[in-house]
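One letter stands for each residue in the lines below.
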Amino acid sequence: MSRVSLEIGSIAPNFEGYTTSGPLKFHQWAGESWSIVFTHPGSSFSKELNELARRLPDIEQRRIKIIGLSRNWPDESSHWTKLLQHYNRHPGSGRDVQIIADDQGKLSSLYGMLSQRDSNGVASNPNTAFLVDPMKNIRLVMSYPFFLSTGLTQILRCAFLYCSQIFT
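A. Representation of the overall build of the protein within the structure. Secondary structure assignment for the protein yields six helices and nine strands. The proportion of buried residues among the 168 residues of the protein is 45%. Taking the intrachain contacts of the protein between residues at least 6 apart in sequence as the baseline, contacts between residues at least 24 apart amount to 74%. Working note: accessible area of the protein is about 8,900 Å², and carbon and sulfur atoms make up 51% of it.

This is the structure in structure tokens:
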């Protein structure tokens, strides 16, 4: 199977999936907001959710929407709900951050986020994130080794910079 290559300037693929809030259609849900699509295989996903919950007020203030593609949706969506409670977020907060079920990897495949194998057949599971503008154009693509769980912080920083240029 050939790997999808989405580049800066490409239109972000639309998709449908299921979240704790119910069915979601990505382009419709993102609306006229900047958005981030990310996936992080394994335990780094939980670390990224912690960072999102901690930074939720900044994210909501800038009207950025974030969607995490989860290969372990029941556990990770439950973890997100607990994090919102831990950080004492008000009722209704966190709507702009969604965890979407991707148990079969179809959404990850659509974005070219599935692992590849090296010449020895060992899978490499990169963490990948896309920054998408309100017109659904990809403005930033970040891929980094699975053992780094700070990439979402960097893409948030870039999103905040883009938004500050637009809103000032």
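B. Here's a closer look at the nonpolar core. Formed by 26 residues in total, the largest nonpolar core has its most connected members in Ile36, Leu52, Ile64, Ile66 and Trp80. Residue contacts for isoleucine 66: discarding those within four places in its chain leaves Trp29, Ile36, Phe38, Leu52, Ile59, Asp96, Val97, Gln98 and Leu156.

C. Inspection of the environment of serine 46 at higher detail. Among the secondary structure elements, serine 46 is positioned in helix α2 (residues 44-54). Along the backbone, serine 46 and leucine 83 are 37 residues apart, and their C-alpha atoms lie at a distance of 10.0 Å.

D. Focus on the sheet that holds strand β3 (residues 34-39). The strand order across the open sheet formed by five strands is β5-β4-β3-β8-β9, and the pairing between neighbours is mixed. Bordering the open sheet on either side are β5 (97-101) and β9 (138-144), each of which pairs with just one other strand. Strand-to-strand twist in this sheet, taken as the mean axis angle between neighbours without regard to direction, amounts to 15 degrees. The pairing of β3 with strand β8 (residues 127-132) spans five bridges and is antiparallel. Each residue of the ladder has a partner; that of phenylalanine 38, found in β8, is alanine 129. Most of the contacts of helix α4 (residues 73-86) go to β5, to which it runs at about 165 degrees, and overall it touches β4 (64-70) and β5.

E. Structural detail: unusual backbone geometry. The backbone of arginine 63 shows a phi angle near 55 degrees, a positive value even though the residue is not glycine. With respect to the helices and strands, the residue arginine 63 is situated in the loop between α3 (56-61) and β4. Under the relative-accessibility criterion, arginine 63 is labelled partly exposed at 48%. The residue lysine 136 is not glycine, and still its phi comes out positive at about 75 degrees. Here lysine 136 shows up in the loop between β8 and β9.

About the cut-offs
- Residues numbered from 1 in each chain as written.
- Predicted model: local features only at pLDDT ≥ 70, side-chain atom pairs only at ≥ 80, totals over all residues.
- Heavy atoms only, no water.
- Helix = DSSP H or I, 4+ residues; strand = E, 2+ residues; numbered from the N terminus.
- Buried < 20%, exposed > 50% of the residue type's maximum accessible area, 1.4 Å probe, protein only.
- Contact = heavy atoms within 4.5 Å.
- Areas by Shrake-Rupley, 256 points an atom, 1.4 Å probe, with all protein chains shown as cover.
- Core = buried A, V, L, I, M, F, W, Y, C linked by side-chain atoms within 4.5 Å.
- Pairing = 2+ DSSP bridges.
- Axes fitted to C-alpha atoms, helices over the stretch in contact; angles between N-to-C directions.

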